[in-house]
Structures are given as structure tokens and as C-alpha cells.
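# What the coordinates show
Take a look at the letters that make up each chain.
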Amino acid sequence: MSQGVIQSSVRQIILKQTKKRGFDGHHPWILEHSIHEPGSTPAVGQVVDLVREDGKFVGRGLYNANSRIRVRIYTWDQTEQVNDGLFLRRLDRAIEHRTKMSTGEPGESMRLVFSEADQLSGLVVDKYSEHIVVQLTSAALMAYVPSIADRLYELYRPISISLQIDERTAKSEGMEPQLKCLLGSAPIEPIEIIENGLRWHVDLNAGQKTGYYLDQRENRLAAVRWIPDHANVLDVCTYIGGFALTIAKNRPNASIMAIDSSEKALLTAREHAELNGVQERVKFINADFFDYLSAQVDAGVRYDAIVLDPPRLASSRDNLQRALAAYHRLNFLAMRLLQPGGTLVTCSCSGRVSRQEFRDMLKGVATRVRREVQIIEDRGAASDHPSCLSCPETDYLKCIIARVL
Ligand code: SAH
């Protein structure tokens, strides 16, 4: 069937009348409770039309009976087909945007595709120097992976393209976790990338996310701007040294304490400090953030700048309040450790916590510690991780840079 013709043979899934309003905003996730359970279950990945109870077309997407997200919508246009052609057009458009922001420097790494923000719900593609990692968060997209990989190869001629499906996603989508090479030869050893002029060794086989937190790239550099030379800095949740080493490199007289609860991450962080020649000024400590910060408060220590970049504390709406309480406690301890006028770089990567909720949490902390918090920058993920208005979850990373007066 050619483009522009209405796909009449497509299986229909009926949206509950009560849920209709929510989809006027074109959010691409259709959850199980929003639809009438179909008589016979469509296969995973089957193209379906979402229709209203009166038969009116709403959108077209892919079905997955094993996922809470029953249908991911890829088009709201009844004349557009959901097939390889659509996914490749979207892929090309996503890459066109990244090409504009590329400097072309050797070792450059960036996110080429960011799921819903590129109208490719469930697909993330990261490029690490000359290696590409395709990450699926939707089992329904599996059938399109070969053509996506072929197009990526055609465009970049990378040394390798691998497929990654992490355990959590696999479970929620009813598929097997995977880490396999699709094209070329995948690196066994960590590979070197360059970010903000620093060298990093990224293990594509065992790292967190697709190997490294590319989303904080611009925030690491932004933080430096508000940290004076000679500053005494604390980097909480440093992972492989992201903020700590970027600050050390750009502030040659600063001394930095960096903590994380993963010894493995800290081993790499120490290697990175040497690789970038800043090992004399950065100290890495294996500690739990609550324990460490409380002990520092008790000991009367003070810092000129503190970075807080905890893992995702809210994984669902259900534990939102608990997560906000944890953010509150963490920020409360940090504010108590800051000198008057000190810089706080505070992040949340929980998509479930809205920007407003995060700011309200900070306001609560400020009131409690009786300090004025002057927001200097209210930032998000780097520009290769755009967010889209229809899917607020894409605005998942909050990074507020503030002065605590
Ligand atoms: N700041 C990093 C990314 C941090 S990711 C960067 O710029 O790349 C979150 C980190 O928090 C992980 O490395 C994880 O090991 C660490 N973490 C998780 N729970 C922790 C805890 N209770 N105490 C300290 N670190 C913790």
C-alpha cells in the first residue's frame, strides 16, 4: 500500500471514552487501562490503529501485550503507514539535527536518537567516538532494528554497532536482556572518547546507561563557570568522575572531594584523573551520600561548591513522595555544608519529578535552612537530548545551578 492511502486492514484497538481527553496532547504512550482489552491479542509489534468508541481514528502505532505501555503511537496521521520507511525517515531527521551540532572532532560522542523526543518512542542511539550503541526500550521495535542498524552503518561507517536491552526494560517489555554486536566488531576493552577537552575511557560492555552519562556534558562545563578557582568542591555521585574532573581541569587551583557508592566506578574515576593529569587535586571516596554528608555536617566541614547528581530516585508515580523526601534530605545536608554564597549544582534525572516539583522541593529546603537560594541557571539535558512537549517525561533531567546565600 502506498503512502497517502488509508490503511484500512489495520487491526483496531478501542480507546476508552473516559481516556479520550488525555490523548488530545498526542502523548505517544497508551497504557493498558486506557483501552478496551481486544478479543484476541495482537502479536508483539503488530501495527494497530487506536480508535475512539465511535470508530474515529486517533493514532497508529505498535502493540505489545506484555508491556504496561500497550501501544506506542508513531503517527497521528491516518494516511501515514508505520513501517521501515517511517522509522528510517525519523532516524534521518534525528541525525540531521545532531550533524548540525557536531564539531567533527575525533572522539566526539553524542546521542543520535532520543526516543519520544525524536518521535521514535523506545529507541535510543548513542555514538561513542566510532562505536554506536542502539538501546531498545520497546520490544515492539525489535523487527526494525536490522534496517536501523544498516542505515546507521551507511551514515557513519562505525567500527561497531551493538544492541543493548537492559534488565529492567527487558522485564517491563517482556523480552530478554541483550548486549550483542550487530555489525562490525564490538570493543572488548573500554574505548576512549573526548568530552569538553577531557579524555574518558568508556566501557560499552559494563557501564551504566549506554556506557556514560552523555546528557550531563553541557552541565559539567556550565558548573565550572560558577565555581571560583581555589574552591573547595564536593562532587556527590561522581560515577567515573564527570563533574569532578571537568572542574579540576578548568580550575587548576581547586581541590575536589568526589564520592560514590560504587567502587568499580571509582576505580575508573581514579584512572580518568591520571589520564587527564589532575590526580593530585581530586580525592575519591567510596561512601553512601547520606552517611557521608551527615558526618561532614557533624564535623563542621564547609565547601565553596557542591554538585549533587544522584541516581533516579523516583522510578514511578507511587514512590514520588518518598523520592522527593530523599531529594529534600540530600539538598538539606548539602546546603548546610555550603559557605555563604556557595554554589550548589543540584540534579534530578527522575522523569517522574517535574521541574516545578523539584523547585518546590528546593524551596522547602531553603526555608528549612533559612537561606536564600538564588537560581542562576535552570538547565536540562544536553542539546542532543531534546525534550518534546507532548511527552513531558523527555524533560527528565533537571540541573539547577544556584547560589546559596
Ligand atoms: N555525576 C555522574 C553521574 C552520576 S550517576 C556523571 O557526571 O557522570 C549516579 C551515581 O550515583 C552512580 O555512579 C551510583 O553508583 C551512585 N550512587 C547511587 N546510590 C548512591 C549512594 N547511596 N551514595 C553514593 N553514591 C550513590
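Remember, predicted model here, so these are calculated numbers, not experimental data.

## Side note on the pairing of strand S17 (residues 338-348)
Across the 11 residues of S17, 8 count as buried, placing the element largely inside the fold. For strand S16 (residues 303-308) and S17, the ladder comprises 5 bridges, and the chain directions are parallel. Along S17, the bridge assignment pairs Ile306 with Leu344. When S17 meets strand S19 (residues 398-404), the two strands line up antiparallel, connected through 7 bridges. Note on S19: the bridge partner recorded for Leu344 is Ala402.

## Concerning the domain arrangement of the chain
How big an interface is tends to be stated in terms of the accessible area lost upon association of its parts. As assigned here, the chain comprises domain 1 (11-75), domain 2 (84-193) and domain 3 (213-404). Relative to domain 3, the C-alpha centre of domain 1 lies at a distance of 39 Å. Each partner contributes residues to the interface: domain 1 has 6 residues there, and domain 3 has 5 residues. Across the domain 1/domain 3 interface, buried area totals approximately 360 Å², and carbon plus sulfur atoms make up 56% of it. Our count for the contact surface shared by domain 1 and domain 3 stands at 0 salt bridges. Connecting domain 1 to domain 3 are 1 residue pair in polar contact (both at pLDDT 80 or more). Here the residues of the side of domain 1 that touches domain 3 are counted per class, giving 2 nonpolar, 3 polar and 1 charged.

## Topic: the state of the cysteines
A complete count under the given rule lists 0 disulfides for this structure. Take Cys237: it sits in no disulfide, and the sulfur closest to it among the cysteines is that of Cys349, at 9.3 Å. Cys237 gets classed as buried once you look at its relative accessible area, which sits at 15%.

## Re the sheet that holds strand S3 (residues 47-51)
Strand-to-strand pairing in sheets goes through backbone hydrogen bonds, with the strands running parallel or antiparallel. Spatially, S1-S3-S4-S5-S2 is the arrangement adopted by the 5 strands of the open sheet, whose pairing is mixed. The sheet is open, and its two edges are formed by strand S1 (11-14) and strand S2 (29-31), each paired on a single side. Sheet twist, expressed as the mean angle between neighbouring strand axes with direction ignored, is 40 degrees. Of the strand pairs in this sheet, S2 and strand S5 (residues 69-75) are connected by 3 bridges, and their pairing is antiparallel. What sits directly across from Leu31, in S5, is Ile69.

## Here's the deal with the pattern of salt bridges
Tallied over the full model, the rule gives 20 salt bridges. Taking the shortest distance from any N to any O, the salt bridge between Arg151 and Glu154 comes out at 3.7 Å. Of the two residues, Arg151 and Glu154 both sit in helix H2 (residues 145-156), 3 residues apart, roughly one turn of that helix. For Arg379, the salt bridge identified is with Glu377, shortest N-O distance 2.6 Å. By relative accessible area, Glu377 is classed as buried at 14%. Among the charged side chains, a network of salt bridges with common partners joins Arg355, Arg359, Asp378 and Asp395.

## Observations regarding the packing of aromatic side chains
One pass over the structure, following the stated rule, counts 7 aromatic pairs. Between Tyr74 and Phe87 the ring centres are 5.0 Å apart and the planes differ by 85 degrees, which places this aromatic pair in the edge-to-face class. Within this pair, whereas Tyr74 is found in strand S5, its partner Phe87 is found in helix H1 (residues 84-101), the two being separated by 13 residues in sequence. Accessibility classification places Tyr74 together with Phe87 in one group, the buried group. Arranged with centres 5.1 Å apart and planes meeting at 80 degrees, the rings of Tyr213 and Tyr239 form a pair that is edge-to-face. With Tyr213 in the loop between strand S12 (198-202) and helix H4 (217-225) and Tyr239 in the loop between strand S13 (232-236) and helix H5 (242-250), the pair connects residues that are 26 residues apart, well separated along the chain. On the accessibility criterion, Tyr239 (11% relative accessible area) is buried. By way of ring pairs, the aromatic residues Tyr74, Phe87 and Tyr144 are connected into one cluster. Seen from the ring of Phe243, Arg220 lies directly overhead, with NZ or CZ sitting 5.9 Å from the centre. Taking NZ or CZ as reference, Arg368 lies 3.6 Å from the ring centre of Phe332, over its face.

The rules behind these values
- Residues numbered from 1 in each chain as written.
- Predicted model: local features only at pLDDT ≥ 70, side-chain atom pairs only at ≥ 80, totals over all residues.
- Heavy atoms only, no water.
- Buried < 20%, exposed > 50% of the residue type's maximum accessible area, 1.4 Å probe, protein only.
- Helix = DSSP H or I, 4+ residues; strand = E, 2+ residues; numbered from the N terminus.
- Pairing = 2+ DSSP bridges.
- Domains from an automatic or database assignment.
- Contact = heavy atoms within 4.5 Å.
- Buried area = accessible area lost by both parts, 1.4 Å probe.
- Salt bridge = Lys/Arg side-chain N within 4 Å of Asp/Glu carboxyl O.
- Polar contact = N/O pair within 3.5 Å; in protein donor to acceptor, adjacent residues only side chain to side chain.
- Nonpolar A, V, L, I, M, F, W, Y, C, P; charged D, E, K, R; others polar.
- Disulfide = S-S within 2.5 Å.
- Axes fitted to C-alpha atoms, helices over the stretch in contact; angles between N-to-C directions.
- Phe/Tyr/Trp six-rings, centres within 6.5 Å; stacked < 30°, edge-to-face > 60°.
- Lys NZ or Arg CZ within 6 Å of the ring centre and 35° of its normal.

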